[in-house]
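Given next are the chains, with one letter for each unit.
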Amino acid sequence: SSGINAEYGKLKQDIEKEEEEIPSDFADLDFDPTNKTADGRDWSTKIVSWNVNGIRAVTKSEKFSYFKFEKPDIFCLQETKCAESDFPEAAKLAGYHIYYNSAEKKGYSSTALFSKKKPLSVSYGIEVEEHDNEGRVITAEYENFYLVNVYVPNSGQKLVRLDYRRTWNSAFLQYCQKLDEKKGVIIAGDLNVAHTEIDLANPKTNKKNAGFTAEEREDFSTWLEAGFTDSFREFYPEKTGAYTFWTYMGGARKKNVGWRIDYFVVSSRLMADVAASEIRESVLGSDHCPIMLLLANPAGEKEN
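The structure presented is a predicted model; accordingly, all values stated were derived computationally and were not measured.

Glycine aside, the phi torsion of most residues is negative, and most peptide linkages are trans. The backbone of Ser109 shows a phi angle near 50°, a positive value even though the residue is not glycine. Within the element layout of this structure, Ser109 appears in the loop between strand E3 (97–101) and strand E4 (111–115). A positive phi angle, near 50°, is found at Asn192, a position not held by glycine. Along the chain, Asn192 turns up in the loop between strand E8 (185–190) and helix H5 (214–225).

Structural data, given as structure tokens:
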């Protein structure tokens, strides 16, 4: 019997090894949440968005292992800084259809979308030539919604791109409104704007800096007035200290001196199907952290 016990012990160890321990920096995360919609429906789709600030760097740092534990149905990456041909093999996770939109300029901007279920259709850009050479948008169509993965242009040092950014904002809103006429839209990504004073640690000193100018905030308000909802604020209207980006300088992340500039902005009529909108602030590997949305099937529809 001791031989059998030894054999069982070895088998148990092998199984435990295969299951992989959750790293300590993910220990506070609930990877299997039980959130329900307001009317009590279980979620059926988990969507994650993350500005990785360079896919090659985050893959080398092994922080990309976060996805093995989160197991999203769909995830959107921004600022991959990588052409499709250079995309690291270690980041091409098994079980996903992968779509890339690369900037014409090498090592700049760029986005990628991973989906377990093959979308009904996938398109790239926003159908405006002057805005579509930086690899900023991928749209995936599903049965009940469009998912728009977006990396909004930064207004830049001394606001050198603010005028361009405003033109882009307007064109992007028109693009999303066109989609919204057909079915609900989920906009996921780095929108490069902190909307209100509770969305950044130091509002007073940033009013003339990219990401918190009156113009950028006003454009975001225009999006919300056009029938879209900031899903995080819908769940946490007054929560402070909830950020998704921290500069690498001055130990900002440790001190939580951050900005909330990554969002799931959802067609307001789709909000009834959203069970949760969360920030995964403990996930390291970039100057941004991932955000996560849980979506239920429409009322009356069975789960896939």
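Once the structure has been displayed, the description carries forward.
The topology assignment puts Asn169 in helix H4 (residues 162–180). For Asn169, a relative accessible area of 3% translates into the label buried. Within polar-contact distance, the side chain of Asn169 engages the side chain of Asp219 at 2.9 Å. Contacts of Asn169, omitting those with residues within four sequence positions, involve Val152, Asp219 and Trp223.

Whether parallel or antiparallel, the strands of a sheet pair through hydrogen bonds between backbone atoms. Strand order in the open sheet made by the six strands is E5-E6-E7-E8-E10-E9, with mixed pairing throughout. Either end of the sheet is taken by a strand with one partner, and the two such strands are strand E5 (121–124) and strand E9 (228–230). On average, adjacent strands in this sheet sit at an angle of 20° to one another, irrespective of strand direction. As paired strands, E9 and strand E10 (residues 262–267) are joined by three bridges and run antiparallel to one another. Counted as the bridge partner of Phe228 is Ser267 from E10. Of the strands in this sheet, E5, strand E6 (137–141), strand E7 (146–151), E8, E9 and E10 are in contact with H4, which crosses E7 at around 170°. Where H5 meets the sheet, its contacts fall on E9 and E10, and the angle it forms with E9 comes to roughly 120°.

Looking at the element boundaries, Gly250 is found in the loop between helix H6 (231–235) and helix H7 (252–255). Separated by 41 residues in sequence, Gly250 and Ile291 have C-alpha atoms that sit 24 Å apart.

Turning next to the sheet that holds strand E2 (residues 74–78). Pairing in this open sheet of six strands is mixed, and the strands run E3-E4-E2-E1-E12-E11 from one edge to the other. At either margin of the open sheet sits one strand with a lone partner, and together these are E3 and strand E11 (274–279). The sheet shows a mean angle of 10° between the axes of neighbouring strands, direction not considered. Note that E11 and strand E12 (residues 291–295) share five bridges and pair antiparallel. Its bridge partner being in E12, Ser277 is matched across the sheet by Leu293.

This part covers the state of the cysteines. Here, the word disulfide means a covalent bond between the sulfur atoms of two cysteines. Applying the stated criterion across every chain, the model contains zero disulfides. Of the cysteine sulfurs around Cys76, a residue in no disulfide, the closest is that of Cys176, at 13 Å. Residue Cys76 is classed as buried on the basis of its relative accessible area, which comes to 0%.

What follows covers the nonpolar core. By size, the foremost hydrophobic cluster in this structure holds 28 residues, and its most contacted members are Ile55, Phe64, Tyr66, Phe67, Phe75, Leu77 and Phe87. Broken down by secondary-structure element, the contributors of at least two residues to this core are strand E1 (45–51), helix H2 (55–60), helix H3 (66–70), E2, E4, E11 and E12. Apart from residues lying up to four places away in sequence, Phe64 is in contact with Ile55, Val58, Thr59, Phe75, Leu77, Ala90, Ala91 and Leu93. Leu113, Ala188, Trp246 and Ile291 belong to the second-largest nonpolar core, a separate cluster that totals 27 residues.

About the cut-offs
- Each chain carries its own residue numbering, running from 1 in the direction its sequence is written.
- At least 70 in pLDDT is required for a residue's local features to be given in this predicted model, at least 80 for side-chain atom pairs to be given and counted, and no such filter applies to totals for whole chains, interfaces and linings, which use all residues.
- Excluding hydrogens and water, the side-chain figures rest on all heavy atoms present in the structure.
- Strands here mean DSSP runs of E at least two residues long; helices mean DSSP runs of H or I at least four residues long; both are numbered from the N terminus.
- For each residue, the accessible area found with a 1.4 Å probe, counting protein chains only, is set against the maximum for its type, and the residue is called buried under 20%, exposed over 50%, and partly exposed in between.
- Throughout this description, a polar contact denotes any pair of N or O atoms lying within 3.5 Å of each other; where both atoms belong to protein, one of them has to be capable of donating a hydrogen while the other can accept it, and for residues adjacent in sequence the pair is counted only when both atoms sit in side chains.
- It only takes one pair of heavy atoms within 4.5 Å for two residues to be counted as in contact.
- Only when DSSP finds a minimum of two bridges between them are two strands counted as paired.
- Fitting a line to C-alpha atoms yields each axis, with helices limited to the stretch in contact; the angle taken between N-to-C directions then spans 0 to 180 degrees.
- The disulfide criterion is simple: two cysteine sulfur atoms within 2.5 Å.
- Throughout this description, the term nonpolar core refers to a set of buried Ala, Val, Leu, Ile, Met, Phe, Trp, Tyr and Cys residues connected via side-chain atoms within 4.5 Å.

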